[in-house]
Every structure is written in structure tokens, then in C-alpha cells.
Amino acid sequence: MPATTPPVFLVEALPDADGLVLDGEEARHAATVRRMRAGERLVVSDGRGSAAECVITQVRPGRDPVLELTVARRWTEEAPALRVVVAQALAKGDRGELAVELATEAGADEIVPWRAERSVVRWEEGPRGAKALARWQSTVRAAAKQARRAWVPPVREPVTTKQLADLATRAACALVLEGSAGSRLTDLRLPASGDLLLVVGPEGGITDGELSALSDAGATGVRLGTTVLRTSTAAAVALGALGALTSRWT
């Protein structure tokens, strides 16, 4: 979507009718936080490519406000031919959430949390792990809205290195960001379609055993430049480069 589009609000499904109602948390955000009023425009999306630009015809205030909307136009954005799946190693503090926020704004199509050996944070099975995953999903949802995206990247269940290697085997291309790699991203011939798996390690780096397992699965180690990036920024920088090096930005 162009940067000048109105704010985006997410719904489960877009009805076929010319009028629709926005309620729940999205309506509270529109009416209470953004203070939107009748006559203003917004975009409603299902997060799966379908979107509609709407005009607010009425705001029903209250503890649970409701916005009545009239659809001005509809469109569907196709998923990119080359999908970038970011495997992000778990990171301490808020760096993991920052990583997926920036990756989403930069265009990631899917997020896979990775339980790397040197990840300080451990998402164990049970309520604590589910809560951590929900935070990533909420962060991605907010970032997709901020970036005016019609597609909200799914955040999958966390994977082990063995499971990540399986993903690399099935991908059209798998790249491991590694500062000591001999190949540069700009040296590679990238596929035009399919899934490109982009692996980002933790703050302590990727172990030799992990690199070996991913290499055996067909992944290629690449570096972005001469500097070392934090785990929270590496995916976003790589996505920018991939946008320029492939048809994703065209």
C-alpha cells in the first residue's frame, strides 16, 4: 500500500455488503485513541490480502464504541511470488519483539521463532511460552498495521535447529546471516519465486554445529557488509537488500 493510505484496522473477514460495522478493540482504537470522526477514511483488512477503503458514516461512542462504515473501494493484494520467511533466534529483553517489529515493517512474509543454542531466552512449553509467542504475534500485528500492509505475517510455533534445517530443505533458497561468511548477499543468484528462508542468529552468534546442520540442509551463509548488526536489526536490513535485489519491490 502507498504510504499515504489511511490507517489500517484488522477484521476477521470482509463482508460483501457496501456497509460494515467496526467494533471491538479495533473500534476502541479508532474512536478513543485516534479520535476518528464521521467523514474520515480508514482501511479495513482481513490481514490475508483483502482490503477496503471506507468512509466513517457514524461513530457510536461509549465504553464499547462502534463505527459504521461505507465501503468506497475494495482491492486484493496478491502474495509476493518470492516469500521471505524470517527465522529469528530468540533474544533477551525486548530485542526479539523489536526484531520481528522491524522485519514486519520491512516486508517479512512469515516469522519463525528459533530456539538457537546461544539464545539466552528459552520459550518453554506451557503458559509462559504461549505468552511469549502471543507477544510476538501482537507485535507483528501492530507493525503490519503501522506499515499499511494488507498481509499480516503469521508467527509460527518456535522450532529447534533440526526443525529449522527441515524448513531449509524445503525452501527454494535458505540463507544464514553470518558476519564471517565468505559470500555476500549481493553475490548470490536469488530465486524469483517460492520461499526464501532467512536465518538470523542470537546475540552470541550461531554455533559451528548449527551452521553445519543448516549447511547440510542446503542453506548458504552470507554477510550483508563489513559491519556486525544486532540480532534485532539484521533481518530488516537484509529484507531491504532483498527488496532491491529481487522483484519484491516492483
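Quick caveat, the model's predicted, so the values are computed rather than measured.

Here is what the cut-offs are and how they apply
Residues numbered from 1 in each chain as written. Predicted model: local features only at pLDDT ≥ 70, side-chain atom pairs only at ≥ 80, totals over all residues. Heavy atoms only, no water. Phe/Tyr/Trp six-rings, centres within 6.5 Å; stacked < 30°, edge-to-face > 60°. Helix = DSSP H or I, 4+ residues; strand = E, 2+ residues; numbered from the N terminus. Salt bridge = Lys/Arg side-chain N within 4 Å of Asp/Glu carboxyl O. Buried < 20%, exposed > 50% of the residue type's maximum accessible area, 1.4 Å probe, protein only. Axes fitted to C-alpha atoms, helices over the stretch in contact; angles between N-to-C directions. Parallel < 35°, antiparallel > 145°, perpendicular 65-115°, else oblique. Contact = heavy atoms within 4.5 Å. Nonpolar A, V, L, I, M, F, W, Y, C, P; charged D, E, K, R; others polar. Pairing = 2+ DSSP bridges.

Asks: Can you walk me through the packing of aromatic side chains in this structure?
Replies: What describes a pair of aromatic rings is the distance from one ring centre to the other and the angle between the planes of the rings. Counting across every chain of the model gives 1 aromatic pair. Taking the centre distance of 4.8 Å and the plane angle of 75 degrees together, the rings of W123 and W136 count as edge-to-face. Of this pair, W123 sits in the loop between β7 (110–114) and α3 (127–146) while W136 sits in helix α3, placing them 13 residues apart in sequence.

Asks: Is there a simple way to think about the pattern of salt bridges in this case?
Replies: Any two side chains of opposite charge can pair, on the condition that their charged atoms come close. All chains considered together, the criterion is met by 17 salt bridges. A salt bridge links K145 to E26, with the nearest nitrogen and oxygen atoms 2.9 Å apart. Here K145 is found in helix α3, whereas its partner E26 is found in helix α1 (residues 24–33), with 119 residues between them in sequence. With its nearest N and O atoms 2.8 Å apart, the salt bridge here joins D195 to R83. Pair noted here: D195 is in strand β10 (residues 194–200) and R83 is in strand β6 (residues 82–89), with a separation of 112 residues, a long-range link. Take D195: its relative accessible area is 30%, and that puts it in the partly exposed class. Through salt bridges with shared partners, one network takes in R83, E110, R156 and D195.

Asks: What should I look at first to understand the packing of helix α2 (residues 95–106) against helix α6 (residues 231–245) in this one?
Replies: When two helices pack together, their arrangement is given by the angle between the helix axes and by the axis-to-axis distance. Close contact between α2 and α6 brings their axes to 7 Å; oriented N to C, the two are set at 10 degrees. Judged on the interaxial angle alone, α6 and α2 are roughly parallel. Where α2 approaches α6, its residues R95, L98, A99, L102, A103 and A106 are matched on the opposing element by T231, S232, T233, A235, A236 and L239. Its residues placed into classes, the contact of α2 with α6 shows 8 nonpolar, 3 polar and 1 charged.

Asks: Before we go on, may I ask you to explain the sheet that holds strand β1 (residues 8–10) in this structure?
Replies: In spatial order, the strands read β1-β3-β4-β5-β2; together these 5 strands make up an open sheet with mixed pairing. Both outer strands of the open sheet, β1 and β2 (19–22), are each paired with one neighbouring strand and no more. The sheet shows a mean angle of 40 degrees between the axes of neighbouring strands, direction not considered. Examined bridge by bridge, strand β4 (residues 50–60) and strand β5 (residues 66–76) share 10 bridges and lie antiparallel to one another. When the sheet's bridge partners are listed, Q58 is paired in β5 with E68.

Asks: What is the right way to look at the sheet that holds β7 in this model?
Replies: What links the strands of a sheet is backbone hydrogen bonding, and the strands pair in either a parallel or an antiparallel sense. On the basis of which strands lie adjacent, the open sheet formed by 6 strands has the order β7-β6-β10-β8-β11-β9 and parallel pairing. Here the strands that pair on one side only, and so sit at the sheet edges, are β7 and β9 (183–184). Strand direction decides the pairing type here: β6 and β10, joined by 7 bridges, are parallel. Opposite V84, over in β10, you have L196 as the bridge partner. Set on the sheet, α3 makes contact with β6 and β7; between it and β7 the angle comes to about 155 degrees. The strands touched by helix α4 (residues 161–170) are β6, β7, β8 (173–177) and β10; relative to β10, the strand with the most contacts, the crossing angle is about 145 degrees.

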